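# Geometric and topological summary
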Amino acid sequence: MKSKSVDPPEKVAPKSTRLRRKRQWACTLSRAFLMAVIYSSSICTVNGAEPLALNNLIEVKLGTNAVISLRGYDLDGDETTATITSLPSSGSLYQLSDVYNKYGYDPKEGTLISSVPTIISGKDSRLVYTRPSIDREVNDKWASFTYSVSDNTSNSVKDGTVTLVGPSHILVASDFTFSDEDWTTNGNKVSNIKYEPTSRGLLMNHYIYAYDDLLNVDKNGDDTDLWYFEAPAKFNGWQAMAYNGYIDFTLASFSGDFSADNLNYAGEGINLVEMYCRTCNNAKGMTIAYPLQSSPGFDGSITKFTIPIHEGAGWKKKPENVLHPWTDPTKCDMIKVLSNVASIRILGDFTKWYESVTIDDVQLRTNVPAGRRQLPPCAHHEPCSCPPVT
């Protein structure tokens, strides 16, 4: 009869040793939990320590006024106080009157705000922006002003901008009513903008035009030196409120063969619009572009383009390495470029040979639902923390 092997019994530590080990393990867990709480609290404290002065867009109709709340965005939920740091160039700012502040009865306007810095006294940091009584809409935004916020323990790092627009929602525009408005061309030997104070129909009335003065034809017959209309300085700088808005313009041609087989590169890999930010990407620069292929196309006839400005509209981001493909921009990429525009270019050179192209009614136009819009708080963090579109 075979004998069964029996494993030796496990050694059991004395009870006192087991208790000591449990206490040590409990202390280790307690320390880890405490460190996590401290770390989490420090993050909350850093975020909550600096309330955000959000960028606002307000629509104001001609000859009217608007009550604007400048409450800051505070992660701790603290109440904030707003301070005006610059005044609008058109229209006036007022503190709320006592009767409107307490009971909501007119008149809204109280004391005129004529100097900065001025702390806003109204409930919820409200004030009144008033248009002149004799008013007319301009081909531009009404005005803008800036403000900071405080939660009584810390101040916003950056001022917020309040952009005020009329019913047209235009932020900046060129209609060429009186001149070429300092537009130039980029890609020709010299800028050869010509101003034409006549009409070619409702969509082309007082406009500018340019033409090829340089051809560099490759072995496939394509012109490798493309020229663009380049917008003047008033289109540059902080245009962040154009995010989720539009860029509009009208093109036409005097001369040139715009048939499909005469388009440069068959229309592939050519950008209809380019926006460049010199300071983005740690001062390496960033370009976002709207490909010609994403548009309805251009055959030389009078054509109005309305291009949405957001990351889901077909825009592309230029790679840092020319060997890499263009990629889809993020919301942060779009807002960052619009926040510090160095140049805006619109294609004028479509064909393999010489052509003349006209342009008119160029606009950066915003989209204002219910009369007010704000850039998302994630766009105000540095670095930008907006999640990708899903």
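To keep things clear, this report deals only with the structure shown in the data block. (Residues numbered from 1 in each chain as written. Predicted model: local features only at pLDDT ≥ 70, side-chain atom pairs only at ≥ 80, totals over all residues. Heavy atoms only, no water.)

### As for the overall build of the protein chain
The number of helices and strands found in the protein chain is 4 helices and 22 strands. Relative to all contacts within the protein chain whose residues are 6 or more apart in sequence, the contacts with residues 24 or more apart total 74%. On the protein chain, roughly 21,000 Å² of surface is accessible, and the fraction owed to carbon and sulfur atoms is 53%. (Helix = DSSP H or I, 4+ residues; strand = E, 2+ residues; numbered from the N terminus. Contact = heavy atoms within 4.5 Å. Areas by Shrake-Rupley, 256 points an atom, 1.4 Å probe, with all protein chains shown as cover.)

### A word on the side chain of Glu181
Inspection of the secondary structure puts Glu181 in the loop between strand S10 (170-174) and strand S11 (184-186). Within polar-contact distance, the side chain of Glu181 engages the side chain of Ser174 at 2.8 Å. (Polar contact = N/O pair within 3.5 Å; in protein donor to acceptor, adjacent residues only side chain to side chain.)

### Considerations on the pattern of salt bridges
On inspection of all chains with the given rule, the structure shows 11 salt bridges. The shortest N-O distance in the salt bridge between Asp135 and Arg131 comes to 2.9 Å. The residues Asp135 and Arg131 share a single accessibility class, namely buried. Note that Lys317 is salt-bridged to Asp333, the shortest N-O span being 3.5 Å. Taken together, the positions of Lys317 in strand S19 (residues 316-317) and Asp333 in helix H4 (residues 331-339) put the pair 16 residues apart, joining distant regions of the chain. (Salt bridge = Lys/Arg side-chain N within 4 Å of Asp/Glu carboxyl O. Buried < 20%, exposed > 50% of the residue type's maximum accessible area, 1.4 Å probe, protein only.)

### Points about the packing of aromatic side chains
Counted under the stated rule, the structure contains 13 aromatic pairs. Seen in terms of ring centroids, Phe258 and Phe298 are 5.3 Å apart; in terms of plane orientation they differ by 75°. Their pairing is edge-to-face. Taken as a pair, Phe258 in the loop between strand S15 (246-255) and strand S16 (271-277) and Phe298 in the loop between strand S17 (286-291) and strand S18 (303-308) lie far apart in primary sequence, 40 residues in all. Accessibility assignment for this pair places Phe258 and Phe298 in one class, buried. Chaining the aromatic ring pairs together yields one cluster made of Phe249, Phe258, Phe298, Phe305 and Phe350. Geometry around Trp142 places Arg131 over its ring, the cationic atom sitting 3.7 Å from the centre. (Phe/Tyr/Trp six-rings, centres within 6.5 Å; stacked < 30°, edge-to-face > 60°. Lys NZ or Arg CZ within 6 Å of the ring centre and 35° of its normal.)

### A short note on the pairing of strand S12 (residues 194-199)
Looking at chain direction, S12 and strand S13 (residues 205-211) are connected through 4 bridges and run antiparallel. Looking at S13, one finds that Tyr195 is bridged to Ile208. Hairpin connection between S12 and S13: a loop of 5 residues separates the two successive antiparallel strands, and Gly201 in this loop has a positive phi of roughly 110°. (Pairing = 2+ DSSP bridges.)

### Points about the sheet that holds strand S20 (residues 343-347)
If you walk across this open sheet you meet the 6 strands as S11-S14-S20-S16-S17-S19, and the pairing is antiparallel. Sheet topology places S11 and S19 at the edges, where each strand pairs with a single neighbour. Note: S17 against S19, 2 bridges, orientation antiparallel. Along S19, the bridge assignment pairs Ala289 with Lys316. Lying on the sheet, H4 is in contact with S16, S17 and S19; it crosses S16 at an angle near 70°. (Axes fitted to C-alpha atoms, helices over the stretch in contact; angles between N-to-C directions.)

### Notes on the state of the cysteines
Evaluated as defined, the whole model comprises 1 disulfide. Cys277 shares a disulfide with Cys280; S-S distance 2.2 Å. On the S-S bond that ties Cys277 to Cys280, the torsion sits near 90°, and the link is right-handed. What makes Cys277 buried here is its relative accessible area of 0%. (Disulfide = S-S within 2.5 Å.)

### Brief notes about H4
Taken together, the buried positions of H4 are occupied by Cys332, Asp333, Met334, Ile335, Val337 and Leu338. Tucked inside the fold, the buried residues of H4 contact S16, helix H3 (280-283), S17 and S19.

### Some words on unusual backbone geometry
Leaving glycine aside, a negative phi is the common case for residues, and trans is the common case for peptide bonds. A cis geometry characterises the amide bond from Asp106 onward to Pro107, with omega recorded as 5°. Inspection of the secondary structure assignment puts Pro107 in the loop between helix H2 (98-103) and strand S5 (109-112). If you check the backbone angles, Asp124 has positive phi at about 60° while not being a glycine. Along the chain, Asp124 falls in the loop between strand S6 (118-119) and strand S7 (126-130). One non-glycine residue, His169, lies in positive phi territory at about 65°. Within the secondary structure, His169 is located in the loop between strand S9 (160-165) and S10.

### Structural notes on the sheet that holds S7
Spatial strand order, S2-S7-S4-S5: 4 strands in an open sheet with antiparallel pairing. Unpaired on one side and paired on the other, strand S2 (65-69) and S5 mark the two borders of the sheet. On average, each strand axis in the sheet is inclined to that of its neighbour by 40°, with strand direction left out of account. Direction of pairing for S2 relative to S7: antiparallel, over a ladder of 5 bridges. Bridging across to S7, Asn65 finds its partner in Thr130.

### Digging into a nonpolar patch on the surface
A cluster of nonpolar side chains, Val99, Tyr103 and Tyr105, forms an exposed patch at the surface whose accessible area comes to about 350 Å². Looking at the secondary structure, you find Val99 in helix H2. (Patch = residues over 30% accessible without salt bridge, like charges linked within 9 Å, V, L, I, M, F, W, Y side chains within 5 Å.)

### So, the nonpolar core
Nonpolar side chains in soluble globular proteins tend to end up buried together. Ile247, Phe249, Leu272, Met275 and Trp315 are the most contacted members of the largest nonpolar core, which has 60 residues in total. In terms of residue count, H4 provides more of this core than any other element does, 5 residues in total. Counting 22 residues, the second-largest nonpolar core is a separate cluster that includes Val60, Ala82, Ile113 and Val149. (Core = buried A, V, L, I, M, F, W, Y, C linked by side-chain atoms within 4.5 Å.)

### Some words on the pairing of S7
Counted residue by residue, S7 has 5 buried out of 5 residues, so it is predominantly covered. A two-sided burial pattern is seen for S7, the buried positions comprising Arg126, Val128 and Thr130 on one face and Leu127 and Tyr129 on the other. Note: strand S4 (residues 92-96) against S7, 4 bridges, orientation antiparallel. Residue pairing for S7: Leu93 is matched across the bridge by Tyr129.

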